[in-house]
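A structural walkthrough
Each chain is listed here by its residues.
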Amino acid sequence: MSEVEPFEIEAKDPQSTLVSVLQSPIWGALLLVISGMALGISFLHPDYWSLAWLGMIGTVLSLCLYTHAPWLIVGLILGGFAQHWIGFPWTFEAVYRFGGSHWDLWTTAGMWTLINLFGMLLPERLPLIIMVCIRQRHKIPLWLWFPLAWWLGEILTFHTSGLVVSAFLYSQWQFSLMLKSVGHLGWELSLVLSLAVCACLAQALAQRSGRHAAVAAAYFAVLWLLPALPNGHQALKNVAAVHMNEFAERPQEIPAGVNLLVWPEALVKGRWRIDEGPGNGVRMRLPLSSANAYHIFGRETLTSQRTRQNSLLALAPDGEVLIARAKQFLFPGGERPYFGLQLGTRDLFVPGQRSPVMDINGQRVIALLCYEEFDRYLVRQGKAEGADLISVSAMEHSVGSSPEAASQFLGIAVLIAVENGLPLVRSSFKGVAALIAPDGEILAMTQPKTSGILTLP
């Protein structure tokens, strides 16, 4: 597909003031900022998913019409800040809470800026910035380099900070065609193809090209023709999720028929010594007893080498520890150092090493701890080991009562289930608990900051 010609530095018609103004590189930066705002708004509510496409199309349009690298770089950075400030308002409060809830406004704002700049914005947009600096980029088809650059940016963000909340597909969890794409084609191919379509639509606007628009229309037609995703959720039939607003508000009774109860992250702190792996007869006092219910319970542990871990324990109905696994994907600065830095108010953990899969009462469960929701590679490992259920034990105290955060983390859980074709149970402290089918259907869910036990209707 041919590239659109960028604006010339000088107006082709000196008499045309409008053309001269539009050729100013400042407009390229402004379009990138507006596009970043649209991307941010798309994350605020699941019904706004279409704005993510408009934001991406606007981003591509600016990159193909304007060539002034400094202004494009300014636009990419300011657009990234606009996206994160608008789309994830809860991160400001999260930074304040992670600082021990004692920073003043300016300290919190400064830390928020640094975390966004170095933890999310620069890793995400660095490949785009590099391409903007390459003078010969217009010789490479835009529909090829833009999707690959954005994809590489998401990978770079994951492998540096892991803060991939703004991944494009996370805005699409209520768009049925994209769910079908992720379920049938996988995450990477769905991302690259959808961004290539955004590039085609941008070129269709710039060139008034029906050919580019036809390519985009064909893409959506193919997605529409894909078969429906499987909805089998039998593995959730006897599973329940605990949701709590306060530590003192633990449920008092397990509903009849529940064979597996999933608890939130780190409900018990302290120095209980146990290593990863089989429990070898060790027993723990159950948080809530039942003759038939097994538990996935989150608590801090101490290894035989006296190192701290954030762990999940699989408990039998009599309290026997069947297996323990520690959190592998730790939060940067809070649970692990980030480029040698850490928050003085937080204790560090040693990452776990064992498989995420737990064998519990005949089920093979991919048991994830909170931040591990972002580690799609860990979930894939569990799927390859024959797991038939995903569980998430979350702790969302730091995001407060934000409805945007609740919606966004629910969407992340939906996409985990769809990508791997497995049902998912999510428990949470102060956040949303949910039971999700493999096709992304939310079978049952709670509101944030509520307490109880969630089961299938």
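Values in this document were obtained by computation on a predicted structure and should not be read as measured data.

Moving on, we come to the state of the cysteines. For the structure shown, the criterion picks out zero disulfides. For C133, which is in no disulfide, the shortest distance to another cysteine sulfur is to C64 and amounts to 17 Å. Free of any disulfide, C200 has its nearest cysteine sulfur in C198, 9.4 Å distant.

This paragraph deals with empty space enclosed by the protein. Using the criterion set out here, one finds six cavities of 30 Å³ or more in the structure. Reported here for the largest cavity is a volume of approximately 140 Å³. Along its surface, the largest cavity is lined by W151, E154, I155, F158, V164, A167, Y170, W187, E188, F374, R376 and Y377. Mapped onto the lining of the largest cavity, the elements with two or more residues apiece are α7 (142-160), α9 (187-207) and α11 (376-384). Each residue belonging to the lining of the largest cavity can be placed in one class, and the counts come to nine nonpolar, no polar and three charged.

Following both chains from N to C, one finds helix α8 (residues 176-185) and helix α10 (residues 210-225) inclined at 75°, their axes separated by 9 Å at the closest point. What the angle tells us is that α8 and α10 run roughly perpendicular. Between α8 and α10, the contacting residues are L177, M178, K180 and S181 on the first element and Y219, F220, L223 and W224 on the second. A per-class count over the contact of α8 with α10 returns six nonpolar, one polar and one charged.

Looking now at the environment of A149. The residue A149 is located in helix α7 in this model. You can call A149 buried: its relative accessible area is 5%.

Bringing the nonpolar core into the picture now. Core analysis: the largest hydrophobic core is formed by 85 residues, its most contacted members being F146, F168, Y170 and F374. No other element matches helix α12 (residues 403-420), which puts 11 residues into this core. Those residues in contact with F146 that sit more than four places away from it in its chain are M56, T59, V60, L63, L128 and L195. With 25 residues, the next largest nonpolar core counts L236, L260, A314 and L435 among its residues.

Counted under the stated rule, the structure contains 23 aromatic pairs. Here the aromatic rings of W53 and F220 are separated by 5.4 Å at their centres, their planes lie at 55°, and the arrangement is tilted. With W53 in helix α3 (residues 50-65) and F220 in helix α10, the pair connects residues that are 167 residues apart, well separated along the chain. Judged by relative accessible area, which is 23%, F220 ranks as partly exposed. Chaining the aromatic ring pairs together yields one cluster made of F43, F88, W90, F158, Y170, W187, F329, F331, Y371, F374, Y377 and F409. Above the face of the Y377 ring, R376 is positioned so that its terminal group lies 5.4 Å from the ring centre.

Attention now goes to a nonpolar patch on the surface. The grouping of I26, W71, V74 and L78 at the surface amounts to a nonpolar patch, some 330 Å² of accessible area in total. In terms of residue count, helix α4 (residues 69-87) provides more of the nonpolar patch than any other element does, three residues in total. Among the secondary structure elements, I26 is positioned in helix α2 (residues 25-42). Relative accessible area serves as the criterion here: at 45%, I26 is assigned to the partly exposed category.

What follows concerns α2. Compared with an ideal rise of 1.5 Å per residue, which puts 18 residues at 26 Å, α2 spans 26 Å between its outermost C-alpha atoms and is within 8% of the ideal. Residues G28, A29, L32, V33, S35, G36, A38, L39, G40 and S42 constitute the buried set of α2. Check the buried side of α2 and you find it contacts α3, α4, α6 (105-133) and α7.

Inspection of the secondary structure puts F81 in helix α4. Non-local contacts of F81, meaning those with residues more than four positions away in its chain, are made with W112, T113, N116, L117 and L121.

What follows concerns the pattern of salt bridges. Counted by the stated rule, this structure contains 14 salt bridges. Two residues, E246 and K430, come together in a salt bridge whose shortest N-O distance is 3.3 Å. Placement of E246 in the loop between β1 (239-244) and β2 (260-262) and of K430 in the loop between β11 (424-429) and β12 (434-436) is noted, with a sequence separation of 184 residues between them. Residue E246 is classed as partly exposed on the basis of its relative accessible area, which comes to 37%. According to the relative accessible area criterion, K430 is buried, its value standing at 10%. Note that E372 is salt-bridged to R325, the shortest N-O span being 3.0 Å. In this pair, E372 is assigned in the loop between β9 (363-369) and α11 and R325 in strand β7 (residues 321-326), connecting sequence segments 47 residues apart. If you follow the salt bridges from partner to partner, you end up with E188, R376, R380 and E419 in one network.

Turning next to the side chain of N310. Relative to the assigned elements, N310 resides in strand β6 (residues 308-315). Accessibility expressed as a relative area gives 3% for N310, which makes it buried. Polar side-chain contacts of N310 include one of 2.6 Å to the side chain of E265. The contact partners of N310, leaving out residues within four places of it in the chain, are E265, A266, R299, R325, A326, K327, E335, F349 and L369.

Conventions used here
Residues numbered from 1 in each chain as written. Predicted model: local features only at pLDDT ≥ 70, side-chain atom pairs only at ≥ 80, totals over all residues. Heavy atoms only, no water. Disulfide = S-S within 2.5 Å. 1 Å grid on protein atoms, 1.4 Å probe; cavity = no way out; pocket = protein on both sides within 12 Å on 5 of 7 lines; lining within 4 Å. Points joined across faces, edges and corners; volume = space filled by probe spheres on them. Helix = DSSP H or I, 4+ residues; strand = E, 2+ residues; numbered from the N terminus. Nonpolar A, V, L, I, M, F, W, Y, C, P; charged D, E, K, R; others polar. Axes fitted to C-alpha atoms, helices over the stretch in contact; angles between N-to-C directions. Parallel < 35°, antiparallel > 145°, perpendicular 65-115°, else oblique. Contact = heavy atoms within 4.5 Å. Buried < 20%, exposed > 50% of the residue type's maximum accessible area, 1.4 Å probe, protein only. Core = buried A, V, L, I, M, F, W, Y, C linked by side-chain atoms within 4.5 Å. Phe/Tyr/Trp six-rings, centres within 6.5 Å; stacked < 30°, edge-to-face > 60°. Lys NZ or Arg CZ within 6 Å of the ring centre and 35° of its normal. Patch = residues over 30% accessible without salt bridge, like charges linked within 9 Å, V, L, I, M, F, W, Y side chains within 5 Å. Areas by Shrake-Rupley, 256 points an atom, 1.4 Å probe, with all protein chains shown as cover. Salt bridge = Lys/Arg side-chain N within 4 Å of Asp/Glu carboxyl O. Expected span 1.5 Å × (residues − 1). Polar contact = N/O pair within 3.5 Å; in protein donor to acceptor, adjacent residues only side chain to side chain.

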